Amino acid sequence: MGWKIGIPRALFYYTYFPLWTTFFQALGVEVVVSPPTNKAILDQGTKSVVDETCLPVKVFFGHAATFTNKNVDFLFVPRLISVEKKAYICPKFMGLPDMLSASKIKHPPLIKPVVNKVKSEQDTHFLWDCASPFTGKWLKIKKAWHDAEQEQRNYEQKLIRKYLDITDDRKLNILLLGHDYNLYDHYVNMGLWQKLQDLDCTVFTPAQFSKEERDSQLRKFPKSIFWTYGRNLLGAVYSFMQRPGKKGVIVLSSFGCGIDSFIDNLIIRRLVEQKIPYLNVILDEHTGEGGLVTRLEAFIDIIRWRRDYHQNYVSSYGQYVGCCKGNVGVHGTKCDCTTSSYKR
Amino acid sequence: MGLNVIVPPRPTKDSLSLGVQHSPEFACIPLKICIGNLIEANQLGADTFLMVGGCGPCRFGLYGQLMKEIFQDLGINYHTLIIEPPDTGYWQFVTRVKKVIGPVSWWKIIQGIQLGYKKAVIVDKLEKYVQEIRPREFNKGTADKIFNNALQMIDQTQNLDELEEVFCLTKEKLWHIPQDESKDVLKIGLVGEIYTLLEPFASLEIEKKLGKMGAYVHRSLYLSDWVKEHLLTTRFFKLKGNDYRSYASPFLNHFVGGHGIESIGASVAFAQEGYNGIVQVAPLTCMPEIVAHNIFPQVSDKYGIPVLNIYVDEQTGETGLETRLEAFIELLEAKRKKVDRKITIC
Ligand code: SF4
Ligand code: SF4
């Protein structure tokens, strides 16, 4: 019959696109994804929600708006509450469909399953909500879901890289920390990846460490973290610290993100403790590229310089990157050497 | 209960700036105030602090851990007791609490809890009277003076009888305040995040300000309701506070952490009861309230009720806030007049 479903290229899309695209295609539904983020999308998003909202949600609304007057039958906006036991995603993900319906954006009818695995990871009730407009056969749905999960696993497996295979002594190892939708949306992060590669760095992301490894490393933290993205980041930091080579960490957070405000602070404390240089980049809709490049180059220079000449001499960089001035400057206003949001 | 409890001084501007200095820049304001406040308590000699933990989805669950690390970095000597919520069972939770407070008989504990709860109930009752009187009293501020006095007395009461006495006395006093009975006051529903609602300092005394401007204010949350719902509810018997959640659908159909859903639900309930306006207060960057904020326009459209959203952080200024509140009140007055005229024409 040719159903079409639209998926905004934002938020959950970046983490779960293999899963959902495979699933809907297996049901015989055509999947339409919005174009990569551009200025018009971002501006539209910024207009559609209140100012205080975090950047990724603004971007999401921009993408949702591209489906106005588009020829799709449904728009897929799941309410992702939790994707693993005892961990949530974020309050904003929980209210996403409601926020969209309340906004001024005209959109096709929503498909909004509630995905909640806090209590049990086996729960598949939501599949019914996803698929009922297209088919009534439970077996077919089950099969599609099975294939989709397989696809997702393959994808995640492919992301995990063997650290030792790619460690090159002449290159710097940079761990890029951030939520998937900031890491993989190259408009939002201003092509940070490419820039780092141009500067001769090997880039790591949380997804390159296996989930098992991250989770087991997380036991070092005295309390269990109840945000999936938080767990990913902190687990990755612990894993990264174990690895050999010359290292630096770039913490990418979004302006207005409540989760980052806490998790980044905890992460940075650990980096300072281990004397690993870090740079905190806060993305907002005014972020300008010029400032970022200068910052990045300075940061990389510092690590290089330290590596080549002063193996153990750490106190001098302390003033510049990864500030340990006083105990309060870990991530605070007074310490603009570590935290800066680049305004145009 | 045989423990030496140091009640931290009421938060002031100083505690806030102390907290701001030592907290993450984008943390929400309750954390900043708590940190500042605890540092002050430490200077007064407290050596242990007690914090409740949590398991999400909101940031509150991580408060304890973060505070612990911040104090460590500051070199402040604090024992931290983080009580995790009873997801392993109520009994274990109680025993843990008991371990914390030491060898005290169960009877005493029950008595202590009962007294604490009664105090909260009575404070709330009195506060509701004060909210009624504020817009009508001739001599602005009288009710608040009496109320503050009563708070101090309640604090010192040792048993239920004394408490009852203070309550009756204060009630009597409040009733004798000269009021303008004929005045037709605006009714405003105050909703938002719990800390900013309950701690007047955090919201720059928004409630009092509105009262002085001549509006009757009713909050979506009172302390005793919260205690009833969260601390005294067990698996065996559920006590429910005001159930605003059921009103939130179809605007917000799922719990979003914090008090986001209560904010929406209460606003709908207030609108249906014929309130004139809604004021939402929340800490800047508060996630659940931002979700609610994004949904408010729809509620506002459907019920034709104006909503004012106020975010507070360390930079919020008194004067700016006052102007916004005044403008809002004017808007409500104008709107009410318009509606009234229509009625007379018909
Ligand atoms: S996790 Fe942070 S950035 Fe992502 S939606 Fe939630 S608040 Fe926004
Ligand atoms: S409800 Fe808001 S203010 Fe309270 S902890 Fe959560 S984000 Fe912070």
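The structure this text deals with has already been given above.
Residues numbered from 1 in each chain as written. Chains lettered and ligands numbered in written order. Predicted model: local features only at pLDDT ≥ 70, side-chain atom pairs only at ≥ 80, totals over all residues. Heavy atoms only, no water.

Caption draft 1: Geometry of the layout of surface pockets. Residues and elements named next belong to chain A. Each pocket or cavity is described by its volume, and for the second largest pocket that value is around 1200 Å³. In terms of lining, the second largest pocket is formed by 41 residues, of which the most central are Y16, V83, Q152, E156 and K211. Among the elements that take part in the lining of the second largest pocket, helix α7 (residues 138-159) stands out by supplying 10 residues, more than any other. Looking at side-chain class alone, the lining of the second largest pocket contains 19 nonpolar, 11 polar and 11 charged residues. Here the lining of the second largest pocket spans two domains, and each of domain 1 (4-155) and domain 2 (168-309) adds at least three residues to it. (1 Å grid on protein atoms, 1.4 Å probe; cavity = no way out; pocket = protein on both sides within 12 Å on 5 of 7 lines; lining within 4 Å. Points joined across faces, edges and corners; volume = space filled by probe spheres on them. Helix = DSSP H or I, 4+ residues; strand = E, 2+ residues; numbered from the N terminus. Nonpolar A, V, L, I, M, F, W, Y, C, P; charged D, E, K, R; others polar. Domains from an automatic or database assignment.)

Caption draft 2: How the structure looks around the packing of aromatic side chains. Summed over the entire model, instances satisfying the criterion amount to 31 aromatic pairs over all chains. Judged by centre distance (5.7 Å) and plane angle (80°), the ring pair of Y13 of chain A and Y14 of chain A falls under edge-to-face. The residue whose ring lies beneath K247 of chain A is F240 of chain A, and the NZ or CZ to ring-centre distance is 5.8 Å. Over the aromatic face of Y222 of chain B sits the side chain of K128 of chain B, whose NZ or CZ is 4.5 Å from the ring centroid. (Phe/Tyr/Trp six-rings, centres within 6.5 Å; stacked < 30°, edge-to-face > 60°. Lys NZ or Arg CZ within 6 Å of the ring centre and 35° of its normal.)

Caption draft 3: Looking closely at the site of ligand 1. All names here are of chain A. Lining the immediate surroundings of ligand 1 are C54, P56, V57, C90, K92, F93, H179, Y181, S254, C257, G258 and I259. In a pocket analysis with a 2 Å cut-off to the grid points, ligand 1 is assigned to the second largest cavity. Going through the elements one at a time, α3 (55-65), α4 (91-94) and α13 (258-273) are the ones with two or more residues in the shell around ligand 1. Its residues placed into classes, the shell around ligand 1 shows eight nonpolar, three polar and one charged. (Near = heavy atom within 4 Å. Sits in = over half its atoms within 2 Å of the grid points.)

Caption draft 4: Looking closely at the interface of chain A and chain B. Each side of the interface is counted separately: chain A has 43 residues, and chain B has 43 residues. A buried area of about 3700 Å², summed over both sides, lies between chain A and chain B, and 68% of it is on carbon and sulfur atoms. Scanning the region where chain A abuts chain B turns up two salt bridges. Put simply, D73 of chain B and R269 of chain A hold a salt bridge, and the shortest N to O gap is 2.3 Å. Connecting chain A to chain B are seven residue pairs in polar contact (both at pLDDT 80 or more). At the level of elements, β4 (79-82), α4, α5 (96-102) and α13 of chain A are the ones that each hand at least two residues to the side of chain A that touches chain B. With nine residues, the single largest contributor to the side of chain A that touches chain B is α13 of chain A. Taken together, the residues of the side of chain A that touches chain B break down into 23 nonpolar, 10 polar and 10 charged. (Contact = heavy atoms within 4.5 Å. Buried area = accessible area lost by both parts, 1.4 Å probe. Salt bridge = Lys/Arg side-chain N within 4 Å of Asp/Glu carboxyl O. Polar contact = N/O pair within 3.5 Å; in protein donor to acceptor, adjacent residues only side chain to side chain.)

Caption draft 5: Examining the sheet that holds strand β4 (residues 215-219) of chain B more closely. All names here are of chain B. Spatially, the four strands line up as an open sheet ordered β4-β3-β5-β6, and their pairing is parallel. Each end of this open sheet is capped by a strand with a single partner; those strands are β4 and β6 (307-312). Ignoring which end each strand starts from, the neighbouring axes of this sheet average 25° apart. Bridge count between strand β3 (residues 186-192) and strand β5 (residues 277-283): five bridges; the pairing is parallel. Note on β5: the bridge partner recorded for I188 is G277. Packing against the sheet, helix α11 (residues 260-272) makes contact with β3, β4 and β5, and its axis sits at approximately 165° to β3. (Pairing = 2+ DSSP bridges. Axes fitted to C-alpha atoms, helices over the stretch in contact; angles between N-to-C directions.)

Geometric descriptors of this kind do not, in isolation, establish any biological role.
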